[in-house]
Amino acid sequence: MRGFWQEIAGLVLPVACPGCGCPRTPLCEECAGRLSGREPQRVRPCPEPAGLPSVFAAARYEDAVRALLLAHKERGCLGLAGPLGGALAGAVRAAVAQAPGEQGPLLLVPVPSARHAVRARGQDAARRVAVAAARVLRRGGVRARALPVLRQCRPVADQSGLTARLRLANMAGALEVAPGAERLLEGCRAVLVDDLMTTGASLAEAARALAAAQPRYSAAVGAVVAAPALSFTGLRNRPGGLDVAASDEQFDLIARTRW
């Protein structure tokens, strides 16, 4: 019911771009460009957790992009699922291009949110964006669907406030493929998807759980809407670019956000 009333409120209340506050538009052109105006790139947190798949991101988690993701996830701006899904679809295309030998329709597998978070927000943001991304891919002629086959098999603590190392410990062994869902993975190219990657702990655990149920996915790929600028390998490897030596501390600061 919460999601229903949020959508109704969006029809009758004044609208402003959640990214910059520009009035009378649900998403301005400038913020839309920041979200999906760049070529998706490979992202790798530092330190990189063991088992993290090859992950591509559409945008850097900063400024307007950060505001848009938080508005969708925390403030229930459900109309942003479409634009966020479009950005995720671009990252999915880039990810699967790295595995040209794989065949079959695409299966977008969202990383599940904690049950208490879904109850508090009234929605599963990552799942909603995954569904939107699959819709965009189908319109482009790609056979794709979103299927939430992963679930939490034990309680986990709220990730906000945890450092990279604590997030890894928190997520270790926390996910599994739902019983009976293994058959749904057969004959498909699975892509792990999420709205944001910070330390990579959740995606690494999701990859482990997926491979445990279906060994052929031991080299699964991942796609996200956004990741911190520090994660973009192109920036990290550029001469005079990011300070990799300081990355542990910087990622711990990022991990302490509400995300």
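Residues numbered from 1 in each chain as written. Predicted model: local features only at pLDDT ≥ 70, side-chain atom pairs only at ≥ 80, totals over all residues. Heavy atoms only, no water.

Asks: Explain the side chain of Ser113 here, please?
Replies: Looking at the secondary structure, you find Ser113 in the loop between strand 3 (106–110) and helix 5 (115–121). Residue Ser113 is classed as buried on the basis of its relative accessible area of 17%. Of the polar contacts made by the side chain of Ser113, one reaches the side chain of Asp124; its length is 3.3 Å. (Helix = DSSP H or I, 4+ residues; strand = E, 2+ residues; numbered from the N terminus. Buried < 20%, exposed > 50% of the residue type's maximum accessible area, 1.4 Å probe, protein only. Polar contact = N/O pair within 3.5 Å; in protein donor to acceptor, adjacent residues only side chain to side chain.)

Asks: Would you take a moment to explain the packing of helix 2 (residues 29–36) against helix 3 (residues 63–74) for this structure?
Replies: Describing two packed helices takes the angle between their axes plus the distance from one axis to the other. Where helix 2 contacts helix 3, the two axes come as close as 9 Å, and the packing angle between them is 90 degrees. If you check the angle between helix 2 and helix 3, you find them roughly perpendicular. Between helix 2 and helix 3, the residues in contact are Cys31, Arg34 and Leu35 and Asp63, Ala64, Val65 and Leu68, respectively. For the contact of helix 2 with helix 3, the per-class residue count stands at five nonpolar, no polar and two charged. (Axes fitted to C-alpha atoms, helices over the stretch in contact; angles between N-to-C directions. Parallel < 35°, antiparallel > 145°, perpendicular 65-115°, else oblique. Contact = heavy atoms within 4.5 Å. Nonpolar A, V, L, I, M, F, W, Y, C, P; charged D, E, K, R; others polar.)

Asks: In this structure, what is going on with the nonpolar core? I would like to understand it.
Replies: Among the nonpolar cores identified, the biggest contains 41 residues, and Leu88, Val92, Leu106, Leu108, Val191, Val193 and Val225 are the most heavily contacted of them. Looking at this core, the elements with two or more residues in it are helix 2, strand 2 (54–60), helix 3, helix 4 (81–96), strand 3, helix 6 (125–139), strand 7 (189–196) and strand 8 (221–227). No other element matches the nine residues that helix 4 contributes to this core. Those residues in contact with Val225, other than ones at most four positions away along the chain, are Leu35, Ala57, Ala58, Ala59, Leu69, Leu84, Ala87, Leu88, Val129, Asp194 and Asp195. Listed in part, the 35 residues of the second largest apolar core include Leu150, Ala181, Ala201 and Ala209. (Core = buried A, V, L, I, M, F, W, Y, C linked by side-chain atoms within 4.5 Å.)

Asks: Quick question: what am I supposed to make of the packing of helix 4 against helix 6 here?
Replies: Where helix 4 meets helix 6, the closest approach of the two axes is 7 Å, and the angle between their N-to-C directions is 65 degrees. Relative to helix 6, helix 4 is oriented roughly perpendicular. Read as a crossing pair, helix 4 and helix 6 show a hand that is right-handed. The residues of helix 6 that touch helix 4, namely those facing Ala81, Gly82, Leu84, Gly85, Gly86, Leu88, Ala89, Val92 and Arg93, are Arg128, Val129, Ala130, Ala132, Ala133, Val136 and Leu137. Across the contact of helix 4 with helix 6, the residue classes break down as 11 nonpolar, three polar and two charged. (Left-handed = near helix turned anticlockwise from the far one by under 90°.)

Asks: Please explain the sheet that holds strand 2 as it appears in this structure.
Replies: Sheet strands pair via backbone hydrogen bonds, and the direction of the pair is either parallel or antiparallel. Ordered in space as 1-2-8-7-3-4, the six strands form an open sheet in which the pairing is mixed. Each having just a single partner strand, strand 1 (41–43) and strand 4 (144–146) make up the two edges of the open sheet. Neighbour-to-neighbour, the strand axes of this sheet turn through a mean angle of 30 degrees, independent of strand direction. Where strand 1 lies against strand 2, three bridges are found, and the strand directions are antiparallel. Residue pairing for strand 2: Gln41 is matched across the bridge by Ala57. The strands that helix 3 touches are strand 2, strand 7 and strand 8; relative to strand 8, the one it contacts most, it runs at about 105 degrees. Lying over the sheet, helix 9 (residues 201–213) contacts strand 2, strand 7 and strand 8, oriented at roughly 160 degrees with respect to strand 7. (Pairing = 2+ DSSP bridges.)

Asks: Just to check I follow, could you spell out the pattern of salt bridges for this structure?
Replies: Per the stated rule, a full pass over the model turns up five salt bridges. Across the pair Glu48 and Arg44 runs a salt bridge whose closest N-O atoms are separated by 2.9 Å. Judged by relative accessible area, Glu48 falls into the partly exposed class, the value being 32%. Look at Arg44 and you get partly exposed, because its relative accessible area is 33%. (Salt bridge = Lys/Arg side-chain N within 4 Å of Asp/Glu carboxyl O.)

Asks: I tried to follow helix 9 on my own but got confused; where do I start?
Replies: In an α-helix, one turn spans 3.6 residues; hence positions three or four apart end up facing the same way. Helix length check: helix 9, at 13 residues, gives a terminal C-alpha distance of 19 Å against a target of 18 Å (1.5 Å per residue), a fit within 8%. Along helix 9, the residues that are buried comprise Ala201, Leu203, Ala204, Glu205, Ala206, Ala207, Ala209 and Leu210. (Expected span 1.5 Å × (residues − 1).)

Asks: Which parts of the structure should I look at to understand the environment of Ala97?
Replies: Position of Ala97 relative to the elements: it lies in the loop between helix 4 and strand 3. Taking the relative accessible area as the measure of exposure, Ala97 reaches 49% and is therefore partly exposed. Through-space distance from the C-alpha of Ala97 to that of Val221 is 9.9 Å; in sequence the pair is 124 residues apart.

Asks: Sorry, what's going on with unusual backbone geometry here?
Replies: Comment: phi is negative for the bulk of residues other than glycine, and the bulk of peptide bonds are trans. A cis amide bond links Cys46 with the next residue in sequence, Pro47, at an omega value of 10 degrees. Topologically, Pro47 is positioned in the loop between strand 1 and strand 2. The phi dihedral of Asp63 is positive, around 50 degrees, even though this residue is not glycine. Its place among the elements puts Asp63 in helix 3. Residue class for Asp63 comes out exposed when judged on its relative accessible area of 58%.

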